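# Analysis of the macromolecular model
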Amino acid sequence: MGVLTDYFRAPNAATVVQSLEETDGGSPLHAEPPVFDGVDAKRVDPIVVLGQLVAAIRRTEWRVDLVEQTTVWPTSPEPGPDGPESEDNPWATGPWVSELHPLVRDTLAGVRESEVPAAVTRWVQAEELQGASLEETQALAEELFRLSRRAHETGERLYCWMSL
């Protein structure tokens with residue numbers, strides 16, 4: 001099945017938390033009507049798969065700290081190194097929402113049309129995207145670039161909602 005991920009833009013973490021409280025943690029993209037402008041990006045987690053796209057754009061090697069993020073949901077204290085004490089703890093069950101560092105938004109927003117094919121060709125070679133077509137991968141990348149540009153233009157942040 002894999003991880004469900006939605007990327008969206010919002011003015012700040014407080015607005016995101018308020019929305020999640022109203023939707024019981026559901027994706028703000030799948031509310032009726034959608035709460036925020038965003039992109040459905042199944043299995044594109046921020047650290048690894050989105051990190052691979054950021055690395056492709058920057059023409060650098062992927063590393064685990066390439067996409068900095070801050071968790072905004074769940075709002076309860078994060079469990080210690082032994083993990084959550086119970087299986088129904090929101091840190092164990094999700095969903096989880098993180099705010100991406102503005103440099104990630106700006107990297108995605110700064111991709112010029114002429115750079116898209118080369119960046120996507122590098123990204124689709126990531127092991128995590130094995131079996132994905134170049135066309136589908138490019139369409140998703142272009143959606144993420146457009147979302148990032150809109151967020152940049154309005155001074156908003158990018159967020160990632162994830163659920164199992």
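So, how was this worked out
- Residues numbered from 1 in each chain as written.
- Predicted model: local features only at pLDDT ≥ 70, side-chain atom pairs only at ≥ 80, totals over all residues.
- Heavy atoms only, no water.
- Phe/Tyr/Trp six-rings, centres within 6.5 Å; stacked < 30°, edge-to-face > 60°.
- Helix = DSSP H or I, 4+ residues; strand = E, 2+ residues; numbered from the N terminus.
- Buried < 20%, exposed > 50% of the residue type's maximum accessible area, 1.4 Å probe, protein only.
- Contact = heavy atoms within 4.5 Å.
- Pairing = 2+ DSSP bridges.

## Observations regarding the packing of aromatic side chains
Tallying each qualifying case throughout the model produces 2 aromatic pairs. Taking 5.2 Å as the distance between ring centres and 10° as the angle between the ring planes, the aromatic pair formed by F8 and F36 counts as stacked. One end of the pair, F8, is in strand β1 (residues 4–10); the other, F36, is in the loop between α1 (13–22) and β2 (38–40), and 28 residues separate them in sequence. Overall, the relative accessible area of 0% leaves F8 in the buried class. A ring pair is formed by F8 and Y159, whose centres lie 5.5 Å apart and whose planes are at 20°; its orientation type is stacked.

## Quick look at the side chain of Q52
By the element assignment, Q52 lies in helix α2 (residues 46–58). Overall, the relative accessible area of 19% leaves Q52 in the buried class. Once residues within four sequence positions are removed from consideration, Q52 is found in contact with W62, W123, A126 and E128.

## Here we look at the pairing of β1
With respect to burial, β1 is a largely interior element, 6 of its 7 residues being buried. When β1 meets strand β5 (residues 157–163), the two strands line up antiparallel, connected through 7 bridges. Bridge pairing links F8 to Y159 in β5. Examined bridge by bridge, β1 and β2 share 3 bridges and lie antiparallel to one another. In the strand pairing of β2, D6 is matched with D40.

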